[in-house]
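# Results of the structural survey
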Amino acid sequence: MNGNFDRNLSHEDVLRRRASLLQRLHVDGLLLLLLLTLAAASLFILYSASGKNLDLLVKQASSFGLGLGAMLVIAQFEPRFMARWVPLGYLVVVGLLLAVEFMGHTAMGATRWINIPGLIRFQPSEFMKIIMPMTIAWYLSSRPLPPRFKHTVISLALIVVPFVLILKQPDLGTSLLILASGAFVLFIAGLPWRWILGAVTAVVPIAVGMWYFVMHDYQKQRVLTFLDPESDPLGTGWNIIQSKAAIGSGGVFGKGWLLGTQSHLDFLPESHTDFIIAVLAEEFGLVGVCLLLLLYLLLIARGLTITVQAQTLFGKLLAGALTMTFFVYVFVNIGMVSGLLPVVGVPLPFISYGGTSLVTLLSGFGVLMSIHTHRKWIAQV
Amino acid sequence: MPQPIQLKDHEKDALLVRRRVLVGAIVVLLLSGVLVARMYFLQVIQYEHHSTLSENNRVHVQPIPPSRGLIYDRNGRVIADNRPSFSLTVTRERAGEWREVLDRVVGVLELSAEERELFEKRVLQGRRPFEPVPIMYELTEEQIARIAVNQFRLPGIEVAAQLVRHYPQGAHFAHSVGYVGRINEKELQSLDPVNYSGTHHIGKTGIEKFYEDVLHGQVGYEEVETNARGRVLRVLKRTDPIPGKDITLTLDLRLQEAAEAALAGRRGAIVALLPKTGEVVAMVSQPSFDPNLFVTGISFKDYGELRDSIDRPLYNRVLRGLYPPGSTIKPMMAIAGLDAGVITPTSRVFDPGYYQLPNVKHKYRNWNRGGDGSVDLELAIMRSNDTYFYDMAHKLGVDRMHDYMSRFGLGQRVALDMYEETAGLMPSRDWKRARYRQPWYPGETVILGIGQGYMQATPLQLAQATALMATRGKWIRPHLAKRIGSELPVDPEPMPDIELRDPKFWDYSIRGMEQVLHGARGTAKKVGDTAAYRIAGKSGTAQVVAIKQGEKYDSARLAERHRDHALFVAFAPVHAPEIAVAVMVENGESGSGVAAPVAKAVLDAWLLDENGQLKAEHAPAAKADGERS
């Protein structure tokens, strides 16, 4: 940013650089465009899903504003700065998770919140969604690649501690997302395929162990309901039966905006949060779902491009993991609503109603933008 | 900055990452393909299926309520069963302008505006969408026919057959078994919404309330396809409900009837229990009411009559009625005095007709103003001598009295499975300080010795304390359920048995109780003389606190209602106790004159056969023979 450095660039470079306001704000134009499109789509669908509830729209729109603000702020920090402070951040968030474990606020049978009355109430697990891939990326980026056995074990330890803490809250959905975000860093860092295969084969006995020793009854119930949703049609299975009917009845072109019957007659529970894709599918049909998927895939394509173009290993690992985790959100949510996966409580990114998830997601994209816009010009020339 | 060797690494790393990103991209595309395929499957291949389900026809999950467990008396006679009944239901979502539809229903059935109002209230209590809400029960054949004829202009209205609770024994068990009633808003909030999704009734009092979980059972469901008008087209799947468990009670219908007959229309309470097992065989609170009135919703008028009646039929005198136990407590007080060592079986007190605390002028009167002279323990119980017990209470002190009486169950809940039992009151220094912010006065100790003052007990507590005399301190909580399904009731917190320094103390006190009925000067000798077996008993009187409602009524009745309540406790046969009983006759005045004959009638009904002889199973063979000869 100093004058001397400018002089080394060609005249054109300087012009191009000065011309772009977005770049000076460290914002990636393509990402921003896609995010704004998704935001618009979200409000559009929410209007119908919430039964024309304008208050809800205003809240969602302001959450978007807040999230975009967070994204903008985060994009200003250089990745180097993030790498320097992430170990401390990791320790702080793990500390907060421990605090939740011992004195957290309980609501709806789960202890996920830290509550300072009158001041703030938040879920530390949300921070972990970004801190986790950052920590593993920081750790592996200064080690030789592909990761040695010892480094892999240490990375896994770093992943497992918050994973277990969040799983115990209990919050199966979030803990799995955090596990995935850490694991993706290892994957992109070139974890040998035979180790990956070994881990996958080890999952079976671990899953059996978890079933008997870790999982809560309501989580087991969800898995059982997944395997046979009709086994509990008055309780958990009701959601799946109704969401499948809503999706299926949409057909190719859908029933039209505001014309979905399943969601509007209160058949579909949680229609504006986790199950919102069913409303979209009912009202806009297969075409609507494919368009939304296309938007997501464009976002992911952009994220992967940023990964490949990133100059530092830290940036590459982090950008790749964030992008892949984003896809996990999409896949798990749509998979669960359409009856492919168990109901684990993952919102549909950017579309579902809910401020916390929006701010976290947009913060993640802030990190991506930071990685992309803080590249050194000299390397590109 | 970068050294050559690291730069080489960097390029290698970049290549590695690029390859992994490529793999990631392929996986993302493949999985997206899976999602699209799934959507294609649901929205294109299964479109017809889902479309039919959602457009004109809808899939409904209909809960099938489990049938409520039956309740039997100890001999297998039915106390509560379920009767099929036709009710009128409304499904609000299908009725369109449901208020107009209700108007039409009222017109068709020629009902009153009051009932119309009740219907609307019931409809507004509806729960899940598309759930039919019953608005009227017990339709007659004619009403069903009228609805059928007018069905075309009554959308959303259906006649549904369902099982409704019925109490064939009427008022006999209204206070022990209780009744079910419609689930109200408050109960709705604390109920499991899934398990109660098809249930409209819930236990409100008594056994019905206490064993609600067991009696209710597990809901079943039926997945049905209906058309837009709500008519069921076909059943897709059905899971049967698990019916509630049947409960066999310890109560005996025959004894219950005999006990009620013994009260002969008087207001009062009777508890009879088997000391050896804690089984309550009769539980009477008179007057009573017909529990069937409450099942399908009692009318305001009927309820008002029951609630405002001066006789208070809704009041459970056995569990909620609090009375100063009076002299009935003297045998237990004697146990306390003996065990604490302040009296012996032979120690004597001179009774001039009153008792005075040292240096205090106030005279505590014996009921017999003339005095009984020199009194020992046996005589004191037989004659119900107050002076003896004033003296003993003063020596014992309130703390030890509280301790011993608590071990007899006074001042605490004694029953295992009775809903809304009152703890009563066994006063102590701490209690008085907390309640009145006053210290304990010696005079209060003195009157506590004859069961007066702050002390209050329920008839059930008196029966249990008497049963403890019969079992010589062996504690088994009185209970109403003999078998729940196939299981026996379990006491989660059993009371410790009463252990005395010398078990003979029991005999001394019991001998006094026996003399009450069989001694030459016994207070209830008239009753004892007519008995075919030996009875141990004790009479008592409880002073009346004016009944507020009564004051509005005419003075002749008012005076009657200010008379003392008559109490009598007893167990028999003395040498092998089979049954213990506590009787309270409201405003009966005389424990030995009014309550004792009632108690004896209950004992007779349990112990004697048709010929007026002690039943063989109740008499230890050798002793019975000896007495007869």
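Provided above is the structure to which this section pertains.
Residues numbered from 1 in each chain as written. Chains lettered and ligands numbered in written order. Predicted model: local features only at pLDDT ≥ 70, side-chain atom pairs only at ≥ 80, totals over all residues.

Within chain B, the regular secondary structure consists of 24 helices and 22 strands. The proportion of buried residues among the 629 residues of chain B is 43%. Put simply, of all contacts in chain B between residues at least 6 apart along the chain, 74% involve residues at least 24 apart. (Helix = DSSP H or I, 4+ residues; strand = E, 2+ residues; numbered from the N terminus. Buried ≥ 20, exposed ≤ 12 C-beta atoms within 10 Å, placed from the backbone. Contact = placed C-beta atoms within 7 Å.)

Position of Met210 of chain A relative to the elements: it lies in helix α10 (residues 193-213). Here the alpha-carbon distance between Met210 of chain A and Lys220 of chain A, two residues 10 residues apart in the chain, equals 10.0 Å.

A separate point is the interface of chain B and chain A. Each partner contributes residues to the interface: chain B has 36 residues there, and chain A has 45 residues. Every element with two or more residues in the side of chain B that touches chain A is listed here: α1 (4-45), α2 (47-54), β1 (58-64) and β9 (220-226) of chain B. It is α1 of chain B that contributes the most residues to the side of chain B that touches chain A, 19 residues altogether. Per-class residue counts for the side of chain B that touches chain A are 20 nonpolar, nine polar and seven charged. (Nonpolar A, V, L, I, M, F, W, Y, C, P; charged D, E, K, R; others polar.)

Below, the discussion takes up the nonpolar core. Counting 128 residues, the largest nonpolar core has Ile270, Val271, Ala272, Val581, Val583, Ala595 and Val602 of chain B as its most contacted members. Counting the residues that make up this core, at least three belong to each of domain 1 (60-249) and domain 2 (253-628) of chain B. Here Ala272 of chain B is in contact with Leu255, Ala259, Val281, Ala282, Ile579, Val581, Val602 and Trp606 of chain B, once residues within four sequence places are set aside. Counting 109 residues, the second largest nonpolar core, distinct from the first, contains Met336, Val344, Leu358 and Leu361 of chain A. (Core = buried A, V, L, I, M, F, W, Y, C linked by C-beta atoms within 7 Å. Domains from an automatic or database assignment.)

Turning to the packing of helix α7 (residues 124-141) of chain A against helix α9 (residues 172-188) of chain A, a few remarks are in order. Residue and element names in this part refer to chain A. Where α7 contacts α9, the two axes come as close as 9 Å, and the packing angle between them is 15°. In terms of their interaxial angle, α7 and α9 are classed as roughly parallel. Between α7 and α9 the crossing geometry is right-handed. Each of Ser125, Met128, Lys129, Met132, Pro133, Ile136, Ala137 and Leu140 in α7 lies in contact with α9, whose residues at this interface are Thr174, Leu177, Ile178, Ser181, Gly182, Phe184, Val185 and Leu186. (Axes fitted to C-alpha atoms, helices over the stretch in contact; angles between N-to-C directions. Parallel < 35°, antiparallel > 145°, perpendicular 65-115°, else oblique. Left-handed = near helix turned anticlockwise from the far one by under 90°.)

Residues and elements named next belong to chain B. Note that Ser85 resides in strand β3 (residues 78-90). On the basis of neighbour count, Ser85 is assigned to the partly exposed category, with 18 C-beta atoms found within 10 Å. With 54 residues separating them along the chain, Ser85 and Leu139 place their C-alpha atoms 7.4 Å apart. Ignoring anything within four residues of it in the chain, the contact list for Ser85 reads Tyr137, Glu138, Gln162 and Val164.

Take it as geometry only, folks, not as evidence of what the structure does.
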